[in-house]
Amino acid sequence: MNAPLRIGIIGAGAMGADHARTLHRSVSAGRVVAIQDFDTTKAADLAAELSADVASSAEDMIGSSDVDAVVIASPDPTHAGLATSAMAAGKHVLCEKPLGISAAESHAVVEAEVAGGRRLLTVGFMRRFDPGYVALKAAIDRGDLGTPRLVHNVHRNRVGHPSATTEGIVVNSMIHELDVVPWLLGSPVASIEVRSPVAEGFRDPQLATVELADGTLASIEVFIEATYGYDVRCEVVGTTGTASLTPPSAVTWSAAGMTGQSVPQDFRPRFSDAYRLELDAWTASVLAGDPVGPTAWDGHLANLVAAAGVESLRTGRRVEVSSTARPDLYS
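Report follows, based on the coordinates. Since the structure is predicted, the reported quantities are computational estimates derived from the model, not experimental observations. As a convention, each chain's residues are numbered from 1 in the sequence order in which they are written. In keeping with the predicted nature of the model, local features appear solely for residues at pLDDT of at least 70, side-chain atom pairs appear and are counted solely at 80 or more, and the whole-chain, interface and lining totals rest on all residues. Excluded from the side-chain calculation are hydrogens and water; included are all heavy atoms of the structure.

1. As for the packing of helix 1 (residues 14–26) against helix 9 (residues 272–288)
Next up, step 1: At a minimum axis separation of 10 Å, helix 1 and helix 9 run at an interaxial angle of 65°. Comparing the axis directions of helix 1 and helix 9 gives the class roughly perpendicular. Two packed elements cross with a definite hand, and for helix 1 against helix 9 that hand is right-handed. Contacts between helix 1 and helix 9 involve Met-15, His-19, Thr-22, Leu-23 and Ser-26 on the former and, on the latter, Tyr-275, Arg-276, Glu-278, Leu-279 and Thr-283.
Next up, step 2: Of the residues that constitute the contact of helix 1 with helix 9, the class distribution is 4 nonpolar, 4 polar and 2 charged. Lines fitted to the C-alpha atoms define the axes, with helices restricted to the stretch that makes contact. Angles between their N-to-C directions range from 0 to 180 degrees. Here a helix means four or more residues in a row that DSSP labels H or I, a strand means two or more in a row labelled E, and each is numbered from the N terminus. The cut-offs work like this: below 35 degrees is roughly parallel, past 145 is roughly antiparallel, 65 to 115 is roughly perpendicular, and the gaps in between are oblique. Left-handed describes a crossing whose near helix is turned anticlockwise from the far helix by less than a right angle; the clockwise case is right-handed. Any two residues whose heavy atoms approach within 4.5 Å at even a single point are treated as in contact. Amino acids are sorted into nonpolar (Ala, Val, Leu, Ile, Met, Phe, Trp, Tyr, Cys and Pro), charged (Asp, Glu, Lys and Arg) and polar (every other residue, Gly among them).

2. Focus: the environment of Trp-183
Next up, step 1: When you line up the elements, Trp-183 lands in helix 7 (residues 166–185).
Next up, step 2: Distance from Trp-183 to Lys-137, taken between C-alpha atoms, is 8.2 Å for residues 46 residues apart in sequence.
Next up, step 3: The residues touching Trp-183, leaving out its near neighbours within four places in the chain, are Arg-128, Tyr-133, Val-134 and Lys-137.

3. Observations regarding unusual backbone geometry
Next up, step 1: Cis rather than trans, the peptide bond between Lys-97 and Pro-98 has omega equal to -10°.
Next up, step 2: Examined against the element boundaries, Pro-98 turns out to sit in the loop between strand 5 (92–95) and helix 5 (103–116).
Next up, step 3: Following Asp-204, the chain continues into Pro-205 via a peptide bond in cis, with omega recorded as 10°.
Next up, step 4: Position of Pro-205 among the secondary structure elements: in the loop between strand 8 (189–195) and strand 9 (206–212).
Next up, step 5: Notably, Thr-227 is not glycine yet its phi reads approximately 75°, a positive angle.
Next up, step 6: Along the polypeptide, Thr-227 turns up in the loop between strand 10 (217–223) and strand 11 (231–238).
Next up, step 7: Thr-227 gets classed as exposed once you look at its relative accessible area, which sits at 59%. Three exposure classes are used, based on accessible area relative to the maximum for each residue type with a 1.4 Å probe and protein chains only: buried under 20%, partly exposed in between, and exposed over 50%.

4. Regarding helix 2 (residues 40–50)
In an α-helix, one turn spans 3.6 residues, which is why side chains three or four residues apart end up on the same side.
Next up, step 1: The set of residues buried in helix 2 consists of Ala-43, Leu-46, Ala-47 and Leu-50. Along helix 2, the residues classed as buried sweep out an arc of 100° about the axis, all on the same side. Exposed residues pointing more than 90 degrees away from the buried face of helix 2 are listed as Thr-41, Asp-45 and Ala-48.
Next up, step 2: The N-cap of helix 2, judged by a side-chain oxygen 3.2 Å from the amide nitrogen of Thr-41 a few residues on, is Asp-39.
Next up, step 3: Positive backbone phi, at 55°, marks Ser-51, one or two positions downstream of helix 2. In this description, one arc is meant: the one made by directions from the helix axis to the C-beta atoms. N or O atoms closer than or at 3.5 Å make up a polar contact, with two conditions inside protein: a donor-capable atom paired with an acceptor-capable one, and, for residues adjacent in sequence, both atoms drawn from side chains.

5. A short note on the pairing of strand 1 (residues 5–10)
Next up, step 1: Of all the 6 residues making up strand 1, 5 are buried; the element is thus mostly covered by neighbouring parts of the structure.
Next up, step 2: Here, strands pair whenever DSSP counts at least two bridges between them. In terms of strand pairing, strand 1 meets strand 2 (residues 30–36) through 6 bridges, oriented parallel. Along strand 2, the bridge assignment pairs Arg-6 with Arg-31.
Next up, step 3: The pairing of strand 1 with strand 4 (residues 69–72) spans 4 bridges and is classified as parallel. When the sheet's bridge partners are listed, Gly-8 is paired in strand 4 with Val-70.

6. Quick word on the sheet that holds strand 8
Next up, step 1: Across the sheet, 7 strands lie side by side as 12-11-7-10-9-8-15; this open sheet has mixed pairing. The sheet is open, and its two borders are formed by strand 12 (242–244) and strand 15 (319–320), each paired with just one other strand.
Next up, step 2: Relative to strand 15, strand 8 runs antiparallel, the two sharing 2 bridges. Looking across to strand 15, one finds that Ile-192 is bridged to Val-319.

Taken by themselves, the reported measurements are silent on function.
Right, here's the structure in full:
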């Protein structure tokens, strides 16, 4: 049997710890060998749970000959720099979104990977692995819906992170839809308009209207202080039919003549299968020498659209998304 992929986790917060535990419990082709976090107690506790080592710094982990690949789940401003350092060391990378805190940062990561001449980086847009989204894309690709015309998206959180900002709703939350909608339809975003019913202060919720290059229109509602739970929906309307996500483990309720479905309280139960499938596919593909999943270029395109969305929110106008040539590395 092949030796497992030796994986280091940078960031032992909620996302990093979940990734580490999923790899430990459910991905036989990978083994977590090191944990690093600025909170050394948190890193030590997680490492002890998984029988892994504690790295003194992210740089030491990246440079270690005992680590084959790294998962970057540290704070957003560190993503681009750590990803670039890991690729320079020849390490495969699974980097949580966003790839950078600006389009300039994500483009620099793309340039670094292209200069290296081989693909090493995958971006953690896990919805591409979610069974519901995969089934929805399959229905579109088979032509079950005819020609897609509209896509309706809902993305609601029970409560936002304490550090959440108006711009961050686009860059950190809506960015999932800004990636998955073009993936579903096979067409890039041409323009975006983002508005909020809240005029000042923390502008939540937000509603985006996105036009794809093929003319399809998509609505994206993001409400990160919705209070009742974590709720993600997607419906694709075509010329001959419509199809929607079926959330896993949904519980139907009825009262006073109304019906509905209960939803989880945060994103982890909703997308647990997606994260497991993402990590399993990434680990196996890296061992096979042919990484799968969203590329650095995909991460950069999502950042470009998010930057246009932030501009639209600020100006109140529709903003076109500048198109750039896809590097040959990602063809």
